[in-house]
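Understanding the architecture of this molecule
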Amino acid sequence: MKHTIMAAGLSVVAGAAFAQSPVLTVYTYDSFVSDWGPGPAIEAAFEAQCACDLQFVGAGDGAALLARLRLEGDATEADIVLGLDTNLTASARATGLFAAHGITPEGLTLPVAWDDTEFLPFDWGYFAFVHRTDLANVPTSFEALAASDISIVIQDPRSSTPGLGLLMWVQAAHGDNAAAIWEGLADNIVTVTPGWSEAYGLFLEGEADMVLSYTTSPAYHLIAEEDAGYTAAAFDEGHYMQIEVAGQLAGSDQPELAKAFLEFMLSPAFQEVIPMTNWMYPAALDPAALPDGFESLIAPVKALLVAQDEAPAIRDAALATWQAALAR
């Protein structure tokens, strides 16, 4: 009986100590916190040094994060939002909910300069249509894809950052001809999913010939599955770049811990997890440290990217064009 009482007492003490650990809440997208995503490893690594309880909260796909944040406003429980991209940062900044990070990032390996005072990058990549290597007559442009009978699965730009990236890609590459491109693509589209995970799952189940994803996605199949049967189609007009970011909420009740997480995000302990869990290029890791297999990925002939402050206006116009074309 004494042993039972002692064990119960120790349990209470341990529970009290755990309850006193500060909690850092990070909103992110669902695939980040999945069992196969970066979340579990990053949580363990950060908690090992922070004496805190890091809690990732999945909130749909990337664009859904901003929608949730707008809905919650100052009442949000988030200390950090991780998973927006440069197509959304201007709109996120306009909410007034984010604080300056106060960090001078060192060792960034992005292909572009970075000077944002509120958002820090954690990874990047290029959007692309992924397909099996045995697909015949692979298109090399949006026009060729629209003229073909190849079926595709894409994501909704209102909830998904890849879906939004596709809008910006078509707009950046084709400008005034974007409406015609979308009208041509309408009969290629099998379905539009809320997020990336759903779309990629349908592709893997054979529901479509190609899926909107990233040039880095074939690395997963090659490295994790030892399957060299996937690749990304190289488009003549170039590929749109995505830079994923995180930002600290101004209303966080753990501002020092939030800043510590952002600093940790740019450290090797975080960055080395990204290539083989998020299957993207890390934002602050020497390319020579990338796993074997990444060197086999396609290199875009041209990188496309809309400036952050120009993205909202272009996004709104592109979304209207997309909706009109697909409604016909």
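Everything below is about the structure shown above.
All of these numbers come straight from a predicted model, not from anything done at the bench. (Residues numbered from 1 in each chain as written. Predicted model: local features only at pLDDT ≥ 70, side-chain atom pairs only at ≥ 80, totals over all residues. Heavy atoms only, no water.)

Next up on the list: the overall build of the chain. In terms of regular secondary structure, the chain is built from 13 helices and eleven strands. In terms of overall size, the chain behaves like a compact globule, its C-alpha atoms giving a radius of gyration of 21 Å where 328 residues would be expected to give roughly 20 Å. Counting only C-alpha atoms and orienting by the principal axes, one finds that the chain spans roughly 75 × 45 × 35 Å. Counting every position in the chain, which comprises 328 residues, the buried fraction comes to 52%. A separation threshold of at least 6 residues defines the contact pool for the chain, and within that pool the share at least 24 residues apart is 78%. A total of about 14,300 Å² of accessible surface is found on the chain, and carbon and sulfur atoms cover 53% of it. Here the chain contributes 10 positively and 43 negatively charged side chains, and the mean placements of these two sets differ by 7 Å. (Helix = DSSP H or I, 4+ residues; strand = E, 2+ residues; numbered from the N terminus. Rg over C-alpha atoms; globule rule 2.2 N^0.38 Å. Buried < 20%, exposed > 50% of the residue type's maximum accessible area, 1.4 Å probe, protein only. Contact = heavy atoms within 4.5 Å. Areas by Shrake-Rupley, 256 points an atom, 1.4 Å probe, with all protein chains shown as cover. Lys, Arg positive; Asp, Glu negative; His and termini not counted. Charge placed at Lys NZ, Arg CZ, Asp CG, Glu CD.)

Among the six residues of strand β3 (residues 80-85), six are classified as buried, and the element is accordingly described as predominantly covered. Sheet analysis places strand β1 (residues 23-28) next to β3, joined by two bridges and oriented parallel. Residue V26 lies in a different strand from β3, and its bridge partner there is I80. As paired strands, β3 and strand β9 (residues 239-248) are joined by five bridges and run antiparallel to one another. Within β9, the position partnered with D85 by the bridge is E244. (Pairing = 2+ DSSP bridges.)

What follows is about the packing of helix α8 (residues 178-185) against helix α13 (residues 311-327). Packing of α8 against α13 brings their axes to within 8 Å, and their N-to-C directions diverge by 35 degrees. Of the two elements, α8 crosses α13, and the hand of that crossing is right-handed. Residues A178, A179, W182 and E183 of α8 form the contact with α13, whose own contacting residues are T321, W322, A325 and L326. Residue composition of the contact of α8 with α13, grouped by class: six nonpolar, one polar and one charged. (Axes fitted to C-alpha atoms, helices over the stretch in contact; angles between N-to-C directions. Left-handed = near helix turned anticlockwise from the far one by under 90°. Nonpolar A, V, L, I, M, F, W, Y, C, P; charged D, E, K, R; others polar.)

Let us now look at unusual backbone geometry. Positive phi outside glycine occurs at N137, with the angle close to 55 degrees. One can find N137 in the loop between β4 (119-132) and α6 (142-147). Phi angles above zero are rare outside glycine, and W279 is one such case at about 55 degrees. As for its position among the elements, W279 is in the loop between α12 (268-271) and β10 (281-282).

Another point: the pattern of salt bridges. A side chain with one charge may pair with a side chain of the opposite charge, provided their charged atoms come close. Applying the stated criterion across every chain, the model contains six salt bridges. Across the pair D156 and R158 runs a salt bridge whose closest N-O atoms are separated by 2.8 Å. Residue D156 is classed as buried on the basis of its relative accessible area, which comes to 14%. A salt bridge links R315 to D316; the shortest N-O distance between them is 3.8 Å. Residue classification places R315 among the buried positions, given a relative accessible area of 14%. Judged by relative accessible area, D316 falls into the partly exposed class, the value being 48%. When salt bridges that share partners are traced, they join R93, D116 and E118 into one network. (Salt bridge = Lys/Arg side-chain N within 4 Å of Asp/Glu carboxyl O.)

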